[in-house]
Amino acid sequence: MSRNVVLPTKGPLLSGKGWTTFFVALIVVCAVAPVLNIVVPAGSPLHMSDYAVALVGKIMCYAICALAMDLIWGYTGILSLGHGLFFALGGYMMGMYLMRQIGTDGNYKSELPDFMVFLDWKELPWHWTFSGSFAMTLLLIVAVPGLIAFVFGFFAFRSRIKGVYFSIITQALTFAAMLLFFRNETGFGGNNGFTDFKRILGIPIATQEMRMTLFALTGLTLLGFFLFSKWLIASKFGRVLQAIRDAETRVMFSGYNPLPYKLTIWVISAIMCGVAGALYVPQVGIINPGEMSAANSIEIAIWAAVGGRATLIGPIIGAFIVNGAKSWLTVAYPEYWLYFLGALFIAVTLFLPNGIVGLVRKWMSKDKAPSAGRLEAQRALAASEGVEPSALAPLATETKGARA
């Protein structure tokens, strides 16, 4: 008995409402926020303070990391507890360039960074060779996290390490890197890291215009990565990733090798975190090995879980909610912040397995679920009995009429 196989069709990148929301966000980032910060006077209730600009810019960097986590955890089923490493590597690449931009304006009036003069270094180490070039810095921001992720992921995925074992290894890798960067002889500033940045591309950083420029660049990068992620997940590559997440063994039996797919999305995710770290450093004004701590990497996973995995928009929302709450709680109740974070993660795991976005979608689909469920059941039964899909058209019409 012949059966018609209906292949999935590729829909639009975003729905009409999705594109509207996207362009609203674009206008807010590129037009509304700059006007509220630069044009609106400080005494006005509509004024966006420099503190708010820095805070939102920082959270947008975190949102990029959460989006990167969703690609590997939500859509591929790989839980990483070491993405703080890639975030910090991108930050250090940018930090090295910013330290070279200080020039002779440092405390010791030397071309070398102050910490090198303090340690009696006579010349820059070899890995600082290209730190004076902004173009090479941009390349290294992508290449260094991507290369390390490729080498680590190749051996880990080829060895078929997965689940909790993979999570533990990623956390161990991040912890080892943190200990390495704490050492003064590595040339990364030891436990103090890099700070006291003066300018970027010869333009002073501590100006309202430069802060807003960095803010807008971060927002544009976040929106760009979101569109890229939507396109990637909707492609055949993205469907294979989701198949690997749900049943990797079946994917292998179907003739697909999971290794290149997992390795590719792993490297892409690491690069996204590296770019986020590079945008983070000039806005915050410091980078040190603390960014590689295990807690920071775990927080990235929490943002994705709170917002909703496998949704793309959910992790972004989760990053804003968790970090917004953190900014308030660390000021009002600093001693309770970690307890709140732990309780939030436990509550989401137990009561909101699909996150905030999943909960909202569940509420919105309550009225539609019974009729849609009956239609899907009829389709499944018809498929099992060899009935042509066209025979279900009257049922679909009747269901739509009942909804109306």
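These figures come from a predicted structure and were not determined experimentally.

Undergrad: Help me out: how do you make sense of the overall build of the protein chain in this one?
TA: Looking only at helices and strands, the protein chain features 15 helices and four strands. Out of the 404 residues belonging to the protein chain, those deemed buried represent 44%. Of the roughly 21100 Å² that the protein chain leaves accessible, carbon and sulfur atoms contribute 66%.

Undergrad: Mind showing me how you'd approach empty space enclosed by the protein here?
TA: Where empty space is left becomes clear once a probe the size of a water molecule has been rolled over the atoms. Inspection of every chain in the model, using the stated rule, returns one cavity of 30 Å³ or more. Of the pockets and cavities examined, the largest cavity occupies roughly 40 Å³. M93, M96, F130, S131, T137 and L140 together form the lining of the largest cavity. Its residues assigned to classes, the lining of the largest cavity shows four nonpolar, two polar and no charged.

Undergrad: What is the right way to look at the packing of aromatic side chains in this model?
TA: Aromatic ring pairs are described here by two measures, namely the spacing of the ring centres and the angle between the planes. The final tally for this structure, using the stated rule, is 28 aromatic pairs. Seen in terms of ring centroids, Y92 and F188 are 5.6 Å apart; in terms of plane orientation they differ by 80°. Their pairing is edge-to-face. Taken together, the residues span a long stretch of sequence, with Y92 in helix 3 (residues 83-102) and F188 in the loop between helix 6 (163-182) and strand 1 (194-195) at a distance of 96 residues. For the pair shown, Y92 and F188 are each scored as buried. An aromatic cluster is present here, built from Y92, F115, W128, F181, F188 and F194 joined pairwise through their rings. For the cation-ring pair, R309 lies above W73, with the distance from its terminal atom to the ring centre recorded as 4.4 Å.

Undergrad: Would you mind going over the side chain of T174 with me for this structure?
TA: In this fold, T174 is placed in helix 6. You can call T174 buried: its relative accessible area is 1%. In terms of polar contacts, T174 uses its side chain to reach the backbone carbonyl oxygen of T170, at 3.0 Å. When residues no more than four places from it in sequence are discounted, the contact partners of T174 are L81, G82, L85, M292 and S297.

Undergrad: Looking at this model, I keep getting lost on the layout of surface pockets. Mind explaining?
TA: Considering only enclosed or pocket space, the largest pocket measures out at about 880 Å³ in volume. The wall of the largest pocket is formed by 33 residues, among which T21, F226, I313, I316 and I317 lie closest to the centre. For the lining of the largest pocket, the secondary structure elements donating two or more residues are helix 1 (16-39), helix 2 (50-74), helix 7 (208-234), helix 11 (313-332) and helix 13 (355-364). Here the lining of the largest pocket takes nine residues from helix 1, the largest share from any one element. For the lining of the largest pocket, the residue count by class is 27 nonpolar, four polar and two charged. Considered as a void within the structure, the second largest pocket measures approximately 390 Å³ in volume.

Undergrad: Is there a simple way to think about the state of the cysteines in this case?
TA: A covalent bond bridging the sulfur atoms of two cysteines is what the word disulfide describes. For the structure on display, the rule yields zero disulfides. For C65, which is in no disulfide, the shortest distance to another cysteine sulfur is to C273 and amounts to 4.0 Å. Take C65: its relative accessible area is 1%, and that puts it in the buried class.

Undergrad: I keep staring at the side chain of N323 and nothing clicks. Help me out?
TA: By the element assignment, N323 lies in helix 11. A relative accessible area of 4% means that N323 is categorised as buried.

Undergrad: Explain the packing of helix 7 against helix 9 (residues 258-284) to me, please; I cannot follow it from the model alone.
TA: When two helices pack together, their arrangement is given by the angle between their axes and by how far apart the axes lie. At a minimum axis distance of 10 Å, the contact between helix 7 and helix 9 shows a crossing angle of 170°. As summarised for this structure, helix 7 and helix 9 are arranged roughly antiparallel, according to the angle between their axes. Across the interface between the two elements, L214, F215, T218, T221, F225, F228, S229 and L232 of helix 7 pack against I265, I268, M272, V275, L279, P282 and Q283 of helix 9. Its residues assigned to classes, the contact of helix 7 with helix 9 shows 11 nonpolar, four polar and no charged.

Undergrad: Just checking my understanding: could you explain unusual backbone geometry for this structure?
TA: In most cases, non-glycine residues show a negative phi, while peptide bonds are predominantly trans. With a phi close to 60°, D196 is a non-glycine residue in the positive phi region. With respect to the helices, strands and loops of the structure, D196 is situated in the loop between strand 1 and strand 2 (199-200). Of note, the phi angle at L201 is positive, near 55°, even though the residue is not glycine. Structurally, the position occupied by L201 is in the loop between strand 2 and strand 3 (203-204).

Undergrad: Explain the pattern of salt bridges here, please?
TA: Opposite charge on two side chains allows them to pair when their charged atoms are near. Tallied over the entire structure, the rule returns nine salt bridges. Its salt-bridge partner being K162, residue E248 comes within 3.1 Å of it at the nearest N-O pair. Of this pair, E248 sits in helix 8 (residues 236-253) while K162 is found in the loop between helix 5 (134-158) and helix 6, placing the two residues 86 residues apart along the sequence. A relative accessible area of 16% places E248 in the buried class. The salt bridge partner of D196 is K198, with a shortest N-O separation of 3.3 Å. Through salt bridges with shared partners, one network takes in K162, E248 and K262.

Criteria and cut-off values
Residues numbered from 1 in each chain as written. Predicted model: local features only at pLDDT ≥ 70, side-chain atom pairs only at ≥ 80, totals over all residues. Heavy atoms only, no water. Helix = DSSP H or I, 4+ residues; strand = E, 2+ residues; numbered from the N terminus. Buried < 20%, exposed > 50% of the residue type's maximum accessible area, 1.4 Å probe, protein only. Areas by Shrake-Rupley, 256 points an atom, 1.4 Å probe, with all protein chains shown as cover. 1 Å grid on protein atoms, 1.4 Å probe; cavity = no way out; pocket = protein on both sides within 12 Å on 5 of 7 lines; lining within 4 Å. Points joined across faces, edges and corners; volume = space filled by probe spheres on them. Nonpolar A, V, L, I, M, F, W, Y, C, P; charged D, E, K, R; others polar. Phe/Tyr/Trp six-rings, centres within 6.5 Å; stacked < 30°, edge-to-face > 60°. Lys NZ or Arg CZ within 6 Å of the ring centre and 35° of its normal. Polar contact = N/O pair within 3.5 Å; in protein donor to acceptor, adjacent residues only side chain to side chain. Contact = heavy atoms within 4.5 Å. Disulfide = S-S within 2.5 Å. Axes fitted to C-alpha atoms, helices over the stretch in contact; angles between N-to-C directions. Parallel < 35°, antiparallel > 145°, perpendicular 65-115°, else oblique. Salt bridge = Lys/Arg side-chain N within 4 Å of Asp/Glu carboxyl O.

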